[in-house]
Amino acid sequence: MLVLVSVPAQARSPEIADLFQLWEIGGFRSGLVLSPDRSQVAVFERETLLDEDDYRFHLVVVSSAGGGARVVAEAGGAILRTSTGRYNGAIDDRFPIWSPDSQWLAYLVSRPDGVELWRVRRDGSRAQRLVGDGRDVLAAAYLNDREIVFSSARDRATIQAEA
């Protein structure tokens, strides 16, 4: 896990709110993903929204040769871990998925009605939702430059009706 910290000009004792202003880069298992052509690294950064009791995730790309990071997509709030459709409260790590030609990134976006599958060009253009129909997309993988396969949970309405 990598955390960015900025130090104020005048030092003072840190407060609890200061900890929540840190942005986490990657997740518990790192989350850094090198493009197939080895020219770019993609990772999610997590911003804590203390007043909203939530997180906001941003998909970031940086050149593997160095340089500034750029946000290429917003990825919504936290995705909670699920087992058989029931959520356990732990936040799932997210990993961007590079297309074989290194031009596209597929990623999961958390919305109130489900976890959607999106893709975006590595420069941040042409973002498009691929799957978003009330089901939670659990995982995805590129088969080739044009095809993506995914797995999903049952739709949330069915799960809630059975509860």
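Just so it is clear, the model here is predicted, and its values are computed rather than measured.

Reading the values: rules and limits
- What you see as residue numbers is a count from 1 along each chain, following the sequence as written.
- In view of the model being predicted, local features appear only for residues whose pLDDT reaches at least 70, and side-chain atom pairs are presented and counted only at 80 or more, with totals across whole chains, interfaces and linings using the full set of residues.
- Working from all heavy atoms in the structure, the side-chain values ignore hydrogens and water.
- Strands are runs of DSSP state E lasting at least two residues, helices are runs of H or I lasting at least four, and both sets are numbered from the N terminus onward.
- Here a polar contact is taken to be a pair of N or O atoms separated by no more than 3.5 Å, where protein atoms must pair a possible hydrogen donor with a possible acceptor and residues adjacent in sequence count only if both atoms sit in side chains.
- Working rule for contacts: check all heavy atoms of both residues, and any pair within 4.5 Å makes them a contact.
- The term salt bridge refers to a pairing of a side-chain nitrogen on Lys or Arg with a carboxyl oxygen on Asp or Glu at a separation within 4 Å.
- Buried residues of nine kinds, namely Ala, Val, Leu, Ile, Met, Phe, Trp, Tyr and Cys, make up a nonpolar core once their side-chain atoms join them within 4.5 Å.
- The rule is simple: take the accessible area with a 1.4 Å probe, protein chains only, and divide by the maximum for that residue type; under 20% is buried, over 50% is exposed, in between is partly exposed.
- Any pair of Phe, Tyr and Trp rings, taking the six-membered ring for Trp, is counted once the centres come within 6.5 Å. Such a pair is stacked with planes under 30 degrees apart, edge-to-face with planes over 60 apart, and tilted for the rest.
- Note on criteria: charge over ring means Lys NZ or Arg CZ within 6 Å of the ring centre, with the direction from the centre no more than 35 degrees off the ring normal.
- Between any two strands, pairing holds if DSSP finds at least two bridges.

Visitor: An account of the side chain of Asp136 is requested, with residue identities and associated values reported.
Guide: In this fold, Asp136 is placed in the loop between strand S12 (128–131) and strand S13 (137–142). Looking at Asp136, its side chain comes within polar contact range of the main-chain nitrogen of Val115, at 2.9 Å.

Visitor: Account for the environment of Ser63, naming residues and giving values.
Guide: In this fold, Ser63 is placed in strand S5 (residues 54–63). Spatially, the C-alpha atom of Ser63 lies 8.9 Å from that of Arg38, the residues being 25 residues apart in sequence. With near-sequence residues (within four places) excluded, Ser63 lies in contact with Ser39 and Gln40. A polar atom in the side chain of Ser63 sits 3.1 Å from the backbone nitrogen of Ala65.

Visitor: Could you give an account of the pattern of salt bridges, naming the residues involved and the relevant values?
Guide: If you walk through the whole model with that rule in mind, you get 5 salt bridges. A salt bridge links Arg122 to Asp37; the shortest N-O distance between them is 3.3 Å. In this pair, Arg122 is assigned in the loop between strand S11 (114–121) and S12 and Asp37 in the loop between strand S3 (33–34) and strand S4 (40–49), connecting sequence segments 85 residues apart. In the salt-bridge network here, residues are joined through shared partners; they are Arg111, Glu116 and Arg129.

Visitor: Help me get a handle on the nonpolar core, residues and values and all.
Guide: The biggest cluster of nonpolar side chains holds 16 residues, and the ones touching the most others in it are Leu59, Val72, Leu105, Tyr107 and Val120. Those elements that place two or more of their residues in this core are S4, S5, strand S6 (70–74), strand S10 (104–111) and S11. Setting aside its immediate chain neighbours within four residues, Val72 contacts Leu59, Val61, Leu105, Val120, Arg122, Asp123 and Gly124. Formed by 11 residues, the second largest nonpolar core is a distinct cluster that contains Trp104, Ala106, Leu108 and Leu117.

Visitor: Residue-level account of unusual backbone geometry, with values.
Guide: Positive phi values are uncommon outside glycine, yet Arg38 reaches one of about 65°. With relative accessibility at 61%, the residue Arg38 sits in the exposed group.

Visitor: Hey, could you go over the environment of Gly66 for me, with residue numbers and the actual values?
Guide: Relative to the helices and strands, Gly66 resides in the loop between S5 and S6. The spacing of Gly66 and Ser39 is 27 residues in sequence and 9.8 Å in space, taken between C-alpha atoms.

Visitor: How would you sum up the packing of aromatic side chains? Please name residues and give values.
Guide: With the rule as written, the count across this model stands at 0 aromatic pairs. The side chain of Arg46 reaches across the aromatic face of Tyr55, ending 4.1 Å from its centre. It is Arg119 that lies over the ring of Trp104; its NZ or CZ is 3.6 Å from the centre.

Visitor: Summarise the pairing of S6; cite the residues concerned and give the values.
Guide: Examined bridge by bridge, S5 and S6 share 4 bridges and lie antiparallel to one another. From the neighbouring strand, Val61 faces S6, where its bridge partner is Arg70. Counting the residues between successive antiparallel strands, the hairpin from S5 to S6 contains 6 residues, one of them, Gly66, with a positive phi of roughly 110°.

Visitor: Please set out the side chain of Ser35 residue by residue, giving values where relevant.
Guide: If you trace the backbone, Ser35 turns up in the loop between S3 and S4. Since its relative accessible area comes to 2%, Ser35 is described here as buried. With near-sequence residues (within four places) excluded, Ser35 lies in contact with Gln40, Trp98 and Ser102.

Visitor: An account of the sheet that holds S12 is needed here, citing residue identities and associated values.
Guide: Strand order in the open sheet made by the 4 strands is S9-S10-S11-S12, with antiparallel pairing throughout. Each edge of the open sheet is held by one strand with a lone partner, namely strand S9 (97–98) and S12. Summarising the sheet, S9 and S10 pair through 2 bridges and their orientation is antiparallel. Each bridged residue has a counterpart across the sheet, and for Ile97 the counterpart in S10 is Ala106.

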